[in-house]
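# Structure at a glance
The chain contents come next:
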Amino acid sequence: MSFFASFLEFTKVMLTWWFVVQPWEQGLRVRFGSKVDIFGPGMHFRFPFFDLVYIQNTRRRVQNL
């Protein structure tokens, strides 16, 4: 059953035409392994199978000593 679930998750990710970057995040889109674009908050377009999207949290981490 886990193979079927992982296959459905892979299909969902590969057929998604957009990605959402939250206000506290920053997105990085890599097209064909060379062209890199940085995105701020909002909804953005991507081409499945050509673009890889990485989303990173940019909130500050504060710790009391």
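Conventions and cut-offs
Residues numbered from 1 in each chain as written. Predicted model: local features only at pLDDT ≥ 70, side-chain atom pairs only at ≥ 80, totals over all residues. Heavy atoms only, no water. Helix = DSSP H or I, 4+ residues; strand = E, 2+ residues; numbered from the N terminus. Rg over C-alpha atoms; globule rule 2.2 N^0.38 Å. Buried < 20%, exposed > 50% of the residue type's maximum accessible area, 1.4 Å probe, protein only. Areas by Shrake-Rupley, 256 points an atom, 1.4 Å probe, with all protein chains shown as cover. Lys, Arg positive; Asp, Glu negative; His and termini not counted. Charge placed at Lys NZ, Arg CZ, Asp CG, Glu CD. Patch = residues over 30% accessible without salt bridge, like charges linked within 9 Å, V, L, I, M, F, W, Y side chains within 5 Å. Salt bridge = Lys/Arg side-chain N within 4 Å of Asp/Glu carboxyl O. Pairing = 2+ DSSP bridges. Axes fitted to C-alpha atoms, helices over the stretch in contact; angles between N-to-C directions. Phe/Tyr/Trp six-rings, centres within 6.5 Å; stacked < 30°, edge-to-face > 60°. Contact = heavy atoms within 4.5 Å.

Helix and strand content of the protein chain: one helix and five strands. The globule rule puts the C-alpha radius of gyration for 65 residues at 11 Å, and the 15 Å found for the protein chain is more than 25% above it. Its C-alpha atoms give the protein chain principal-axis dimensions of about 45 × 35 × 20 Å. By residue count, 22% of the 65 residues in the protein chain fall in the buried class. Surface accessibility of the protein chain: about 5,700 Å² in total, with carbon and sulfur atoms responsible for 65%. Taken together, the 8 basic and 4 acidic charged side chains of the protein chain have centroids lying 5 Å from each other.

Turning to a nonpolar patch on the surface, a few remarks are in order. Judged by side-chain polarity, Leu-15, Trp-17, Trp-18, Val-20, Phe-32, Met-43, Phe-45, Phe-47, Phe-49 and Phe-50 come together as a nonpolar surface patch covering roughly 1,100 Å² of accessible area. Within the residue set of the nonpolar patch, elements represented by two or more residues are strand 1 (18-21) and strand 4 (42-45). Among the secondary structure elements, Trp-17 is positioned in the loop between helix 1 (2-14) and strand 1.

We now examine the sheet that holds strand 2 (residues 25-31). With respect to topology, three strands assemble into an open sheet ordered 3-2-5, the strand pairing being antiparallel. At either end of the open sheet lies a strand with only one pairing partner, and these are strand 3 (35-39) and strand 5 (51-57). When strand polarity is set aside, the average angle formed by the axes of neighbouring strands in this sheet is 20°.

For the structure on display, the rule yields five aromatic pairs. Look at Phe-32 and Phe-50: their rings are 5.1 Å apart centre to centre, the planes differ by 50°, and that puts the pair in the tilted class. Taken together, the residues span a long stretch of sequence, with Phe-32 in the loop between strand 2 and strand 3 and Phe-50 in the loop between strand 4 and strand 5 at a distance of 18 residues. For Phe-32, a relative accessible area of 61% corresponds to the exposed category.

With that settled, the discussion passes to the environment of Phe-45. Turning to its location among the elements, Phe-45 is positioned in strand 4. In the structure, Phe-45 is positioned 17 residues away from Leu-28 in sequence and 12 Å away in space, judged by C-alpha atoms. Ignoring any residue separated from it by four or fewer positions in sequence, one finds Phe-45 in contact with Trp-17, Trp-18, Phe-19 and Arg-29.

Although it is not a glycine, Phe-32 adopts a positive phi angle of roughly 60°. Non-glycine residue Phe-49 carries a positive phi angle of around 75°. If you trace the backbone, Phe-49 turns up in the loop between strand 4 and strand 5.

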